[in-house]
Amino acid sequence: MELDIRELNDLIQRESSFVDLINMEMGKVIVGQKAMVERLLIGLLTNGHILLEGVPGLAKTLAITSLANAVNGHFSRIQFTPDLLPADLLGTLIYSQKKETFETRKGPIFANFILADEINRAPAKVQSALLEAMQERQVTLGDQTYPLPNPFLVLATQNPIEQEGTYPLPEAQMDRFMLKVVIDYPSKEEEKAILRSQISGNKPSAQKIVSIDDIIKARDIVKKVYVDEKIENYITDIVFATRYPAKYGLDKFTHYISYGASPRASINMALAAKAYAFIKRRGYVIPEDVRAVCADVLRHRIGLTYEAEAENINTIDIISEILNTVEVP
């Protein structure tokens, strides 16, 4: 196994050079927000959808657009609004009088990168229309089913639920997002850098530096990253602690958690940890990789009771306590 790991490390050193290129291109456009860019790369490398949450103006849309520019793929932006219809997203059948038949007109969902902007401003009907596409990677129009292109990545932004005119996403749809990344305000230094770049009139844009084939090749290598059984046990312990906190000495959370993370959480945590190891140029996963991605994998998969909300307990408090309690291999 040692030789295999050594060979894998060498392979990753050679094949992961585009990660630096993407980071450099994104760095031209986005000031700071390193964690967000890293999470977008994890989604790209694992075919996982990503939900970005933050108040307006924190470069969520800009980051996704820049990533699509850096990767030479087909990009679609869909602005979600309260009057959006499923057909606006998926496409529809249009009757052709000349041919006397129905013709398929595909919607903007047929692209490699979908930016679902302000996803929680659309009603449930539209959000559920996105479900089949996200999970099955196909769309049914009439009696025909059409596969979506590969790679197909939904990068959604949402405003905090407390804001006016937002509809909370159903739990089933939240679970289909591999990661939920919460974006905070930039630091004072970063804000000054943003200010300077915007008022100078010099607005750089990301150049196309990576092909779709490069991404698909990298995904195959990410799948080969070694995960030891001890790491698998660590991941399942973390997920099980969200379901049965009392078994892990976290009795105080029993009344705060209404439901724990689903099996998708375990799968996504392992995949995200593999991609994180790849980004860090390693052919094997270590516990730090799991801890690095844990909060983003779990924060939208743990249901809180009214008691938790009344006592200002949030999912991050619970995840931090679980990581401090579950034994690290």
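Here, every reference points to the structure presented above.
From a predicted model like this one, the values you see are computed outputs, not experimental measurements. (Residues numbered from 1 in each chain as written. Predicted model: local features only at pLDDT ≥ 70, side-chain atom pairs only at ≥ 80, totals over all residues. Heavy atoms only, no water.)

Caption draft 1: A look at the overall build of the protein chain. If you tally the helices and strands in the protein chain, you get 14 helices and 13 strands. Relative to its length of 329 residues, the protein chain is compact, with a C-alpha radius of gyration of 21 Å against a globular reference of 20 Å. Based on the C-alpha atoms only, the size of the protein chain along its principal axes is roughly 70 × 50 × 45 Å. Here the contacts in the protein chain between residues at least 6 apart in sequence split such that 78% fall between residues at least 24 apart. As presented, the protein chain carries roughly 16300 Å² of accessible surface, and 51% of it is formed by carbon and sulfur atoms. Here the protein chain holds 37 positive side-chain charges and 43 negative ones, and the gap between their average locations is 5 Å. (Helix = DSSP H or I, 4+ residues; strand = E, 2+ residues; numbered from the N terminus. Rg over C-alpha atoms; globule rule 2.2 N^0.38 Å. Contact = heavy atoms within 4.5 Å. Areas by Shrake-Rupley, 256 points an atom, 1.4 Å probe, with all protein chains shown as cover. Lys, Arg positive; Asp, Glu negative; His and termini not counted. Charge placed at Lys NZ, Arg CZ, Asp CG, Glu CD.)

Caption draft 2: Representation of the packing of helix H3 (residues 34-46) against helix H4 (residues 60-70) within the structure. In the contact formed by H3 and H4, the axes pass within 11 Å of each other and the chain directions differ by 50°. Taken as axis vectors, H3 and H4 run oblique relative to one another. When the axes of H3 and H4 are compared, the crossing they make is right-handed. The segment H3 lies against H4, with Met 36, Leu 40 and Leu 44 engaging Ala 63, Ile 64 and Leu 67. Within the contact of H3 with H4, the residues separate by chemical class into six nonpolar, no polar and no charged. (Axes fitted to C-alpha atoms, helices over the stretch in contact; angles between N-to-C directions. Parallel < 35°, antiparallel > 145°, perpendicular 65-115°, else oblique. Left-handed = near helix turned anticlockwise from the far one by under 90°. Nonpolar A, V, L, I, M, F, W, Y, C, P; charged D, E, K, R; others polar.)

Caption draft 3: Molecular detail of the environment of Arg 291. With respect to the helices and strands, the residue Arg 291 is situated in helix H12 (residues 287-298). Note on Arg 291: relative accessible area 30%, which makes it partly exposed. Sequence separation between Arg 291 and Ile 238 is 53 residues; the distance between their C-alpha atoms is 9.9 Å. Look past the residues within four positions of Arg 291 in its chain and what remains in contact with it is Tyr 234, Leu 323, Asn 324 and Val 328. A distance of 3.2 Å separates a polar side-chain atom of Arg 291 from the backbone oxygen of Leu 323. (Buried < 20%, exposed > 50% of the residue type's maximum accessible area, 1.4 Å probe, protein only. Polar contact = N/O pair within 3.5 Å; in protein donor to acceptor, adjacent residues only side chain to side chain.)

Caption draft 4: Structural detail: the pattern of salt bridges. Scanning all chains against the criterion turns up 14 salt bridges. Of the charged contacts in the structure, one is a salt bridge between Glu 321 and Lys 252, with a shortest N-O distance of 3.6 Å. A residue pair is termed long-range when its members are at least 10 positions apart, and Glu 321 in helix H14 (residues 315-325) and Lys 252 in the loop between helix H10 (229-243) and strand E12 (257-259) qualify at 69 residues. Judged by relative accessible area, Glu 321 falls into the partly exposed class, the value being 27%. Here Asp 296 and Arg 299 are joined by a salt bridge, their closest N and O atoms 2.5 Å apart. Taking the relative accessible area as the measure of exposure, Asp 296 reaches 8% and is therefore buried. (Salt bridge = Lys/Arg side-chain N within 4 Å of Asp/Glu carboxyl O.)

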